[in-house]
Amino acid sequence: MKVFKAAFKHELLSSLRSRSPQLVVTLFLVLISISSIIGWLTVRNVTKIYNDIVSQNLTTAPNPFKNVPSLYYMRDSVIYVVLIGSLMAIILGAQASIRDRKSNTNELIKTRNVNLVHRTLGQLSAVGSIIILLEMVALLTSFISIWIIQKTLLNNGEIFALLGYGAVSVILMIALAAIGYIFGTISKSEESSLLYPIVGWAVVTFTIPQIITSTHPVALLNPTPAVSTGTGLAQSVINGISPLAVMENFKAIANAILGIDKSLKLSMVDLLSFSFFAVIGVVASVVISSKTFGRKLDA
Amino acid sequence: MHKLLIITKKEVQDAVRSKQAIALVAFLSLSILISVWVASASFSIKMNEYNLYLAALTPDMQAQALARPQLFPLTLIRSGIEYIEILGALFAFIIGFTSVSRERSRGTSLLLLSRPIRKSEILLAKSLGLFLIWTAVLATIYLTSIASIIGIGHGRLQMIDYVRLGIVFIFADIYLLFWSFFAVAVTARLKQFTSAILIGITAWLMVVLVIPQIGDTMDPDNQVPGGLFGSLGIIKSTETSILAHFHSFDVIRNGLEVTSITKLFERVAFAFLGIKDKYNQLPISSVAKALESSLIAVILLTVLIGISTVLISQNEETLRRRS
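Residues numbered from 1 in each chain as written. Chains lettered and ligands numbered in written order. Predicted model: local features only at pLDDT ≥ 70, side-chain atom pairs only at ≥ 80, totals over all residues.

A.B. asks: For the overall build of chain A, give the residues involved together with the corresponding values.
C.D. replies: Each helix and strand in chain A was counted, giving 10 helices and zero strands. If you list the helices and strands of chain A from N to C, you get α-α-α-α-α-α-α-α-α-α. For a compact globule of 299 residues, the expected C-alpha radius of gyration is about 19 Å, and chain A comes in at 21 Å, within 12% of that figure. The proportion of buried residues among the 299 residues of chain A is 46%. For chain A, the proportion of contacts with a sequence separation of at least 24, taken over those separated by at least 6, is 82%. (Helix = DSSP H or I, 4+ residues; strand = E, 2+ residues; numbered from the N terminus. Rg over C-alpha atoms; globule rule 2.2 N^0.38 Å. Buried ≥ 20, exposed ≤ 12 C-beta atoms within 10 Å, placed from the backbone. Contact = placed C-beta atoms within 7 Å.)

Okay, here's the thing in structure tokens:
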């Protein structure tokens, strides 16, 4: 446990001192904070348009935004977790493992009797703690924004839903940080430790869902999961690659928890695939990183 | 050979030798193939559904049946264009970044600087190299697109379609050059490679993904499945007159969108390919006139970032290995 504690403390200190990821972290916090305001402005504008249409007797249909749940304003934050939160996590994870390689302290560690599994777990726990802290700040700002917008506090059920959504976001980001950590350990250069997982992220976020659902890549920036319109692929193939569409699974779970689109039901497959990804990500990170520890960076 | 051309040639040779660049190009070509395959499969399903619907109608009802779905072959590469918009920009940044980081990490930039050549000339030659690389890449993707539209999508292309596609790929070249130039400028200027990558990724996230996403979110018609006006049974002419009352909101939304070169490129590409209904089958000159400001903006932004890249080289420390 000594090794775990030391690695945890050291990583926490180093990550907080590191200035490189600050830009992405700031972007994440700012966008999550303003996402509910953007959502509110849009709903307000649509309601004004609706009222204008009704005043001209052009429709008898109900206002599509009447009685939207308070957490509806969180819908854009789901996509910001997929876009910015994920990349932020990859960067934090990769930076954690590459730091020692850059400063050659891994050579020193190799000379000591250090349990590498405990060390990796310590570092990952520290990165996880930072992610939890950032998500808590993001949730708190969303809570305050919705309070100001709605002029009423969220009820207990909504607070639990908000916390549940925060927990799922944290799980996704920790799993991605763990994958970033792997690339930080095995990559030949600092640049490739960032670039390869980011390209992988792009494939998981855009290409795989497109193959499964035939949705255009830009439409995948919608916070609600894409609905398949038929791709001509056999169902067995779709079932086989669906677990890889991690971001779509995350969107489905987040939607279900926040109750954004009631017509979309959460499937057990989404839940299991997502959980499996998170567990595999962390376990693979611990195994690969401890087995390949000490690789040198290219000069 | 002129010293500028020697550096340009070396730049192209390095890109060809680099497995990274080839992998990126292969990935983009594969994305186009997947896009056409998915789009044509989706169209086939739509056609089958239409035929089933038609078969279910009695002969006298068939005369009033819904119009048959029409395939406009160029629209099959819509997702491919979106890949160029999103991932192409990321890859362009990577290629621009590698172009400078390679020299600095190998120490060849110091060797270059010891020769009688100006730093601005080095960056100019590198920019020319990047232009040649992207032109070759996009020419390959242009041919891949045509082959996949004909071979996978079974689309029939007219001569005018080749021209439309050509115009779009010329603009794709300009768009991707913007990102490569930006990468060269940032990497040449900054001390740490990681900082250059992180600034690049943040800029890419904002310009390519976040700003267009906020613009889409603010579009009232994107808020309800099937569109707000469609769901309320409002026809197009009435929609326009209603939206005129909400002009200021739309000005803000549009203003936000045009700050993104990605959105500008998308508007140009979707208009020339007929993906945007109102431009479909319009003559090229009419599309160009309608999209004049977006066309100029894409070119101007790329030229400006190109000039900035060369100006950045005036800084004493540029291209030197400092960390």
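Right, picking up where we left off after that structure.
A.B. asks: Would you mind going over the overall build of chain B in detail, with residue names and values included?
C.D. replies: Each helix and strand in chain B was counted, giving 14 helices and zero strands. Overall, chain B shows an N-to-C arrangement of helices and strands of α-α-α-α-α-α-α-α-α-α-α-α-α-α. When the 323 residues of chain B are sorted by exposure, 43% land in the buried category. Pairs at least 24 apart in sequence give 84% of the contacts found in chain B among residues at least 6 apart.

A.B. asks: Quick one: what's the story with the interface of chain B and chain A, residue by residue and with numbers?
C.D. replies: The partner chain A presents 43 residues to the 44 residues of chain B that form the contact. Broken down by secondary-structure element, the contributors of at least two residues to the side of chain B that touches chain A are helix H2 (19-56), helix H4 (78-106), helix H8 (193-218), helix H9 (228-231) and helix H10 (236-243) of chain B. With 15 residues, H8(B) is the single largest residue contributor to the side of chain B that touches chain A. Counted by class, the side of chain B that touches chain A contains 27 nonpolar, 15 polar and two charged residues. (Nonpolar A, V, L, I, M, F, W, Y, C, P; charged D, E, K, R; others polar.)

A.B. asks: Break down the packing of helix H7 (residues 190-213) of chain A against H4(B) for me, with residues and values.
C.D. replies: The interhelical angle for the contact between H7(A) and H4(B), taken along N-to-C directions, is 175 degrees, at an axis separation of 12 Å. As summarised for this structure, H7(A) and H4(B) are arranged roughly antiparallel, according to the angle between their axes. Contact with H7(A), carried on its side by Glu191(A), Leu195(A), Ala202(A), Phe206(A) and Gln210(A), involves Ser79(B), Ile86(B), Leu87(B), Leu90(B), Ile94(B) and Ser101(B) of H4(B) and no other residues of that element. (Axes fitted to C-alpha atoms, helices over the stretch in contact; angles between N-to-C directions. Parallel < 35°, antiparallel > 145°, perpendicular 65-115°, else oblique.)

A.B. asks: Describe the environment of Leu165(B), and please don't skip the residues or the numbers.
C.D. replies: Residue and element names in this part refer to chain B. Looking at where Leu165 falls in the secondary structure, it is placed in helix H7 (residues 159-189). On the basis of neighbour count, Leu165 is assigned to the buried category, with 21 C-beta atoms found within 10 Å. As for Leu165 and Phe272, which are separated by 107 residues in sequence, their C-alpha atoms are 7.6 Å apart. For Leu165, the residues in contact, after removing those within four places along its chain, are Leu74, Tyr142, Ser145 and Ile146.

A.B. asks: Let's hear about the environment of Lys2(A): which residues, and what values?
C.D. replies: All names here are of chain A. Inspection of the secondary structure puts Lys2 in helix H1 (residues 2-17). C-beta crowding within 10 Å serves as the criterion here: with 10 such atoms nearby, Lys2 is assigned to the exposed category. Separated by 153 residues in the primary sequence, Lys2 and Asn155 have C-alpha atoms spaced 43 Å apart.

A.B. asks: Explain the packing of helix H12 (residues 261-272) of chain B against helix H14 (residues 292-312) of chain B to me, using residue names and the numbers behind them.
C.D. replies: Residue and element names in this part refer to chain B. Between H12 and H14, whose axes approach to 9 Å, the crossing angle comes to 135 degrees. With respect to H14, the axis of H12 lies oblique. The two elements H12 and H14 cross, and the hand of that crossing is left-handed. Of the residues in H14, those in contact with Ile261, Leu264, Phe265, Arg267 and Val268 of H12 are Ser294, Leu295, Ala297, Val298 and Leu301. For the contact of H12 with H14, a count of residues per class yields eight nonpolar, one polar and one charged. (Left-handed = near helix turned anticlockwise from the far one by under 90°.)

A.B. asks: Tell me about the confidence of the model for chain B, residues and numbers included.
C.D. replies: Residue and element names in this part refer to chain B. Overall, the predicted model of chain B reaches an average pLDDT of 84, with 94% of residues at or above 70. Per-element averaging of pLDDT across chain B places helix H3 (residues 59-62) at the bottom with 72 and H12 at the top with 95. Predicted complex, confidence summary: ipTM 0.82, pTM 0.86. (pLDDT = per-residue confidence, 0-100.)

A.B. asks: Which residues make up H7(A), and what are the values?
C.D. replies: Turn by turn, an α-helix covers 3.6 residues, leaving residues three or four places apart pointing in a common direction. All names here are of chain A. Counted at 1.5 Å a residue, the expected span for H7 with its 24 residues is 34 Å, and the 35 Å between its end C-alpha atoms agrees. The largest bend along H7 measures about 35 degrees and falls at Val203. Phi turns positive, to about 65 degrees, at Ser214, one or two residues after H7. (Expected span 1.5 Å × (residues − 1). Bend = angle between axes of the 7 residues up to and from the residue.)

A.B. asks: Can you tell me about the environment of Leu23(A), naming the residues and giving the values?
C.D. replies: Relative to the elements of secondary structure, Leu23(A) occurs in helix H2 (residues 22-55). On the basis of neighbour counts, which here come to 18 C-beta atoms within 10 Å, the residue Leu23(A) falls in the partly exposed class. Once the C-alpha coordinates of Leu23(A) and Ile49(A) are considered, the two residues, 26 residues apart in sequence, prove to be 37 Å apart. Excluding residues within four positions of it along the chain, Leu23(A) makes contact with Leu198(B), Ile199(B) and Thr202(B).

A.B. asks: Got a sec to walk through the confidence of the model for chain A? Specific residues and values, please.
C.D. replies: In regions of low pLDDT, the predicted coordinates are not meant to be interpreted in detail. Residues with a pLDDT of 70 or more make up 98% of chain A, whose mean pLDDT is 86. The element-level mean pLDDT for chain A is lowest in helix H8 (residues 235-241) of chain A, coming to 78, with helix H6 (residues 156-186) of chain A highest at 94.

A.B. asks: Give me unusual backbone geometry: which residues, what numbers.
C.D. replies: Generally, phi is negative for residues other than glycine and the peptide bonds are trans, each holding for most cases. All names here are of chain A. Phi is positive for Asn104, close to 65 degrees, though the residue is something other than glycine. Mapped onto the elements of the fold, Asn104 is located in the loop between helix H3 (75-103) and helix H4 (105-110). Although it is not a glycine, Lys151 adopts a positive phi angle of roughly 60 degrees. Position of Lys151 relative to the elements: it lies in the loop between helix H5 (116-150) and H6. In this structure Lys151 comes out as exposed when scored by C-beta crowding, with 6 C-beta atoms within 10 Å.

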